[in-house]
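Residue-level structure breakdown
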Amino acid sequence: MLLEPAGIKSVLFVCLGNICRSPMAEGVFRAHVVSAGFADRFKIASAGTGGWHVGAPPDERAIAAALARGIDISQQKARLFSVDDFQNFDLICAMDQENFAALEQGAAQAGFGQARISLLLDFAPDLAELNVPDPYYGGADGFENVLDLIEQASQGLIDQLTLSRR
Ligand code: 4NP
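Residues numbered from 1 in each chain as written. Predicted model: local features only at pLDDT ≥ 70, side-chain atom pairs only at ≥ 80, totals over all residues. Heavy atoms only, no water.

Along the protein chain, the regular secondary structure elements total five helices and four strands. Listed N to C, the secondary structure of the protein chain is β-α-β-α-α-β-α-β-α in terms of helices and strands. Across its three principal axes, the protein chain shows a C-alpha extent of roughly 40 × 40 × 30 Å. Buried residues in the protein chain amount to 48% of all 166 residues. Looking at the protein chain alone, contacts between residues at least 24 apart form 76% of all its contacts between residues at least 6 apart. (Helix = DSSP H or I, 4+ residues; strand = E, 2+ residues; numbered from the N terminus. Buried < 20%, exposed > 50% of the residue type's maximum accessible area, 1.4 Å probe, protein only. Contact = heavy atoms within 4.5 Å.)

Here's what the structure looks like:
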C-alpha cells in the first residue's frame, strides 16, 4: 500500500481485545514518532474489535514486555472500535487478517469514512508474516515476538510518513 505521507495525521491500531497487540503498537509507534520529532503532528490511539476488556489497562505481560524496551503503556485503557473511527482517523492498522476483515465489514456497513485500512505488517515488507499473532493464550516469548514485529512495522510506517518532510 502506497501512502500519501502528508495526508496521514492520525493512526489507529486495532486488534481483538485491545489489551495486548494494539496497545503495544500504539506505544511503540508513539515512541518512534516522538523520537522522529513529530509528536505534536500525530494523533495515535488503539482499539479492539471485541469489547470484553473495555476500560481495562493492557495485559500485565504486555506492560512488562514494553517497559523492558523503555515504553510505558500502563496508562492506556481498552476501548471498543467504533464506526466513528473511520471518520476520526486517516489510517487504521489491523494487527491480523481477522481484525482486518472485521474492519472492512464494519466499513461496508457504515459507509466508508476517510480512513485507509491496512495490515500493520504491510509496513514491514521484508517480513514473511502477514499477521501479528495473538499472544494472549501463550507465554512471555509471544509478547517478545509481537514487539519485534511491531517495531519493524512501526519503523517502516514512520519512514513512509516522514518521507515527504525530509
Ligand atoms: P489482543 O489479545 O487482541 O492482542 O488484545 C487478546 C486479548 C484478549 C482476548 C483475545 C485476544 N480475549 O479473548 O479475551
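Following the criterion strictly, the structure yields eight salt bridges and no others. D134 is the salt-bridge partner of R21, the closest N and O atoms lying 3.9 Å from each other. Of this pair, R21 sits in helix α1 (residues 21–36) while D134 is found in the loop between β4 (116–119) and α5 (140–162), placing the two residues 113 residues apart along the sequence. Given the relative accessible area of 2%, R21 is considered buried. (Salt bridge = Lys/Arg side-chain N within 4 Å of Asp/Glu carboxyl O.)

The next point concerns unusual backbone geometry. Of note, N18 is a non-glycine position whose phi angle comes to about 55 degrees, a positive value. Mapped onto the elements, N18 comes out in the loop between β1 (10–15) and α1. Looking at N18, the relative accessible area reads 2%, which means it is buried.

Consecutive side chains along a regular strand alternate between the two faces of the sheet. Sheet analysis places strand β3 (residues 91–94) next to β4, joined by four bridges and oriented parallel. Note on β4: the bridge partner recorded for I92 is I117. One crossover worth recording links β3 to the parallel β4 by way of helix α4 (residues 97–110), and it is right-handed. (Pairing = 2+ DSSP bridges. Right-handed = clockwise from strand over helix to strand, strands pointing away.)

Here D122 shows up in the loop between β4 and α5. Taking the C-alpha atoms as reference points, D122 and D90, separated by 32 residues in sequence, lie 16 Å from one another.

By size, the foremost hydrophobic cluster in this structure holds 39 residues, and its most contacted members are V11, F13, M24, F29, C93, L120 and L157. Residue assignment for this core shows that the elements contributing at least two residues are β1, α1, α2 (60–67), β3 and α5. By residue number, the principal contributor to this core is α5, which donates nine residues. The next biggest cluster of nonpolar side chains, apart from the first, holds 14 residues, and it includes L12, V14, I117 and L119. (Core = buried A, V, L, I, M, F, W, Y, C linked by side-chain atoms within 4.5 Å.)

This paragraph deals with the packing of aromatic side chains. Scanning all chains against the criterion turns up four aromatic pairs. Summarising the aromatic geometry, the rings of F29 and F42 are spaced 6.1 Å apart at their centres and angled 85 degrees between planes, so their arrangement reads as edge-to-face. Remark: F42 occurs in the loop between α1 and β2 (43–48) and F29 occurs in helix α1; sequence separation between them is 13 residues. For the pair formed by F29 and F42, the shared burial category is buried. (Phe/Tyr/Trp six-rings, centres within 6.5 Å; stacked < 30°, edge-to-face > 60°.)

A rise of 1.5 Å per residue sets the reference length of α4, with its 14 residues, at 20 Å; its end C-alpha atoms lie 20 Å apart and thus fit the reference within 8%. Within the sequence span of α4, burial applies to N99, L103, G106 and A107. Buried residues of α4, seen end-on, are gathered within an arc of 100 degrees and therefore sit on one face of the element. With respect to the buried face of α4, the exposed residues turned more than 90 degrees away are E98, Q105, A108 and Q109. In this structure, the buried residues of α4 make contact with β1, α1, α3 (85–88), β3 and β4. One or two steps after α4, the chain reaches G111, where phi turns positive at roughly 85 degrees. (Expected span 1.5 Å × (residues − 1). Arc of directions from axis to C-beta.)

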